[in-house]
Amino acid sequence: GTINSLVSQVEERKTAVLEQIDFVSKVLACFIAVTAVITWNVAFFRIDADPLDALSIALVCAVAMIPEGLEAIVTMTYSWSVSNMAKQNAIIRKLPAVETLGSVTVICSDKTGTLTKNEMSLVAFVTSNAHYKNGTDSKNRTPNNFVRDDTYLAERANHGGKVKSSMMGGRAVVGRSVDASLQSVPVSCGASPSQSYIRNALAGGVLCSKCTLGKNGGREGEIGNPTEISILRASYFAGIQIESMKDRSPIIAEVPFSSEYKFMATIHEPNQENDGDEYDGGKYVAHVKGAPDRMVNLCKYQARAGVLGEENKEAMDVVYWTEKIAILSSHGLRVLALCRGSVERNEVKRGAALKPGFVNGRNEPWLTMVGLCAIMDPPRPECVDAIGVAHKAGVRVAMITGDHKDTALAIGSQLGLVNEKYSSAITGPELDAMGEDELVHEVQLYNIFARASPQNKIQI
């Protein structure tokens, strides 16, 4: 809606042909007016015609000179072009767009659902000590779909582009070794966690959502954001009863998702199956999910090994999580952070639409990081071919997305958008900090634009 509103305010530009037709029309109008005046003078002074008769002669000559067939000729030409384009599987809604296509030098495209399939699958879940690989091809509803494999997605992918090291507070982020005492918590490598563990770990992704899963966990009949549905689907095939889980913990209040602050939050009554014994009767539980680079700064604690409970809270390791985000993103995965926290009951009214400040407007971090969901959205094979054709035609293709910088760069590499000339990416906040002249210069240097807001998309 925000993008649509911004687009509607953009001044429309006429195509080159329409501008030329306007120019020719003005020239003809001037020529016809001058000719009509000359005709009247000749009729009145040379052949002694009555003034009204001279005017009639002048008007007849003027009307005769108007090219009435010009509009029909232009329309027929456009229609013929549209017909030719249709034979090439290109549907044209506005006739002048045919001419515009022939003048294109840059194509700016969204990523999700346009350059990618928009078929999201949760492939991994990362906690403070482990990586859990999810078998996305399994049709069996069992927690065995999740298997601990700490080597899975453990290192950065190298796409040949310049992926800068993630930074936090000006320091280069370096991975740290996991506590040896946690090597087998809650399970050792090669084993599958219990269903209750998966339920607790993914509770934030299931409850902090208004999506509806498709029939039998498939895509038929699904309603909502594909990213959120991927978490529901992974939970469903782990044997979790999604609807029962939601019914037992209805949403009391929420902070709706926005691309501006990139998170969503919901407030619930604590439920022992979902939340363990951590929350007493005097508080609500807040589930928050969103862009991990935003969530990291809001977390004071992390759940040790992804296990809930007050005794399992430990100080937030910002360095560790920032590195994990960068690693997962480098594989072209969309990453969501699942967090939770407790709020006093008098802070929330039932049914309230809370402001983002409820989550990110507090004086200090207050959430607990549970884990990261790594979600795959593979590129469309036909887009790779189409981008290749565009490049051969001399057309530059740029990708604008709200995803993490490393994710965008990885997907861009797979699509063929990253090369020696356009080897890096730039983010929306970086563009926001620029002046108009600098912005005009910088957008010519990148094909990958990440963390872009609706305003950024219009600017680019």
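Residues numbered from 1 in each chain as written. Predicted model: local features only at pLDDT ≥ 70, side-chain atom pairs only at ≥ 80, totals over all residues. Heavy atoms only, no water.

**Re the layout of surface pockets**
By volume, the largest pocket amounts to about 1800 Å³. What lines the largest pocket is a set of 39 residues, and nearest its centre among them are Val-10, Glu-11, Arg-13, Thr-100 and Val-106. Within the residue set of the lining of the largest pocket, elements represented by two or more residues are helix H1 (2-9), helix H2 (16-46), helix H5 (97-101), strand S1 (106-110), strand S14 (396-400), helix H16 (436-442) and helix H17 (454-459). Per-element accounting of the lining of the largest pocket gives the leading share, five residues, to S1. Along the lines of polarity and charge, the residues of the lining of the largest pocket split into 20 nonpolar, eight polar and eleven charged. Approximately 830 Å³ is the volume found for the second largest pocket. Lining the second largest pocket are 35 residues; nearest its centre among them are Phe-257, Ser-259, Lys-262, Arg-334 and Gly-402. (1 Å grid on protein atoms, 1.4 Å probe; cavity = no way out; pocket = protein on both sides within 12 Å on 5 of 7 lines; lining within 4 Å. Points joined across faces, edges and corners; volume = space filled by probe spheres on them. Helix = DSSP H or I, 4+ residues; strand = E, 2+ residues; numbered from the N terminus. Nonpolar A, V, L, I, M, F, W, Y, C, P; charged D, E, K, R; others polar.)

**A closer look at the packing of aromatic side chains**
Applying the stated rule across the entire model yields seven aromatic pairs. Here Phe-44 and Phe-45 contribute two aromatic rings whose centre-to-centre distance is 4.9 Å and whose plane-to-plane angle is 85°, an arrangement assigned as edge-to-face. The partly exposed category is assigned to Phe-44, whose relative accessible area is 27%. With a relative accessible area of 53%, Phe-45 lands in the exposed category. Put simply, the rings of Trp-40, Phe-44 and Phe-45 touch in pairs and so form one group of aromatic residues. Its guanidinium or amino end placed over the ring of Tyr-236, Arg-141 lies 3.7 Å from that ring's centre, counting from NZ or CZ. Residue placement shows Arg-362 over the ring face of Phe-358; its charged tip is 4.8 Å from the ring centre. (Phe/Tyr/Trp six-rings, centres within 6.5 Å; stacked < 30°, edge-to-face > 60°. Buried < 20%, exposed > 50% of the residue type's maximum accessible area, 1.4 Å probe, protein only. Lys NZ or Arg CZ within 6 Å of the ring centre and 35° of its normal.)

**Notes on the environment of Asp-437**
Along the chain, Asp-437 turns up in helix H16. Spatially, the C-alpha atoms of Asp-437 and Ile-267 are 45 Å apart, while their sequence positions differ by 170 residues.

**Quick notes on the side chain of Ser-230**
Within the fold, Ser-230 resides in helix H7 (residues 226-237). Not counting residues within four places of it along the chain, the set of residues in contact with Ser-230 comprises Met-120, Ser-121, Leu-122 and Ile-375. (Contact = heavy atoms within 4.5 Å.)

**A closer look at the pairing of strand S9 (residues 283-290)**
The two faces of a sheet get side chains in turn, since along a regular strand they alternate between them. In terms of burial, S9 is largely enclosed, as seven of its eight residues are buried. Relative to S9, strand S8 (residues 263-268) runs antiparallel, the two sharing six bridges. Along S9, the bridge assignment pairs Ala-265 with Val-288. In this structure, S9 lies alongside strand S12 (residues 334-344), joined through eight bridges in antiparallel fashion. Bridging from a neighbouring strand, Tyr-284 pairs with Val-343 of S12. (Pairing = 2+ DSSP bridges.)

**Regarding the pattern of salt bridges**
Tallied over the entire structure, the rule returns 19 salt bridges. The partner of Lys-111 in a salt bridge is Asp-403, with the nearest N and O atoms 2.9 Å apart. With Lys-111 in the loop between S1 and strand S2 (121-126) and Asp-403 in the loop between S14 and helix H14 (405-415), this residue pair connects regions lying 292 residues apart in the sequence. Among the residues examined, Asp-403 registers a relative accessible area of 6% and is labelled buried. A single network of salt bridges, built from pairs that share partners, joins Lys-111, Arg-334 and Asp-403. (Salt bridge = Lys/Arg side-chain N within 4 Å of Asp/Glu carboxyl O.)

**Structural notes on a nonpolar patch on the surface**
Side chains of Ile-3, Val-7, Val-10 and Ile-458 sit close together on the surface and give an oily, nonpolar patch of about 290 Å² of accessible area. We classify Ile-458 as partly exposed; its relative accessible area is 35%. (Patch = residues over 30% accessible without salt bridge, like charges linked within 9 Å, V, L, I, M, F, W, Y side chains within 5 Å. Areas by Shrake-Rupley, 256 points an atom, 1.4 Å probe, with all protein chains shown as cover.)

**A short note on the environment of Ser-83**
With respect to the helices and strands, Ser-83 occurs in helix H4 (residues 70-87). In sequence terms Ser-83 and Asp-247 are 164 residues apart; their C-alpha atoms lie 53 Å from each other.

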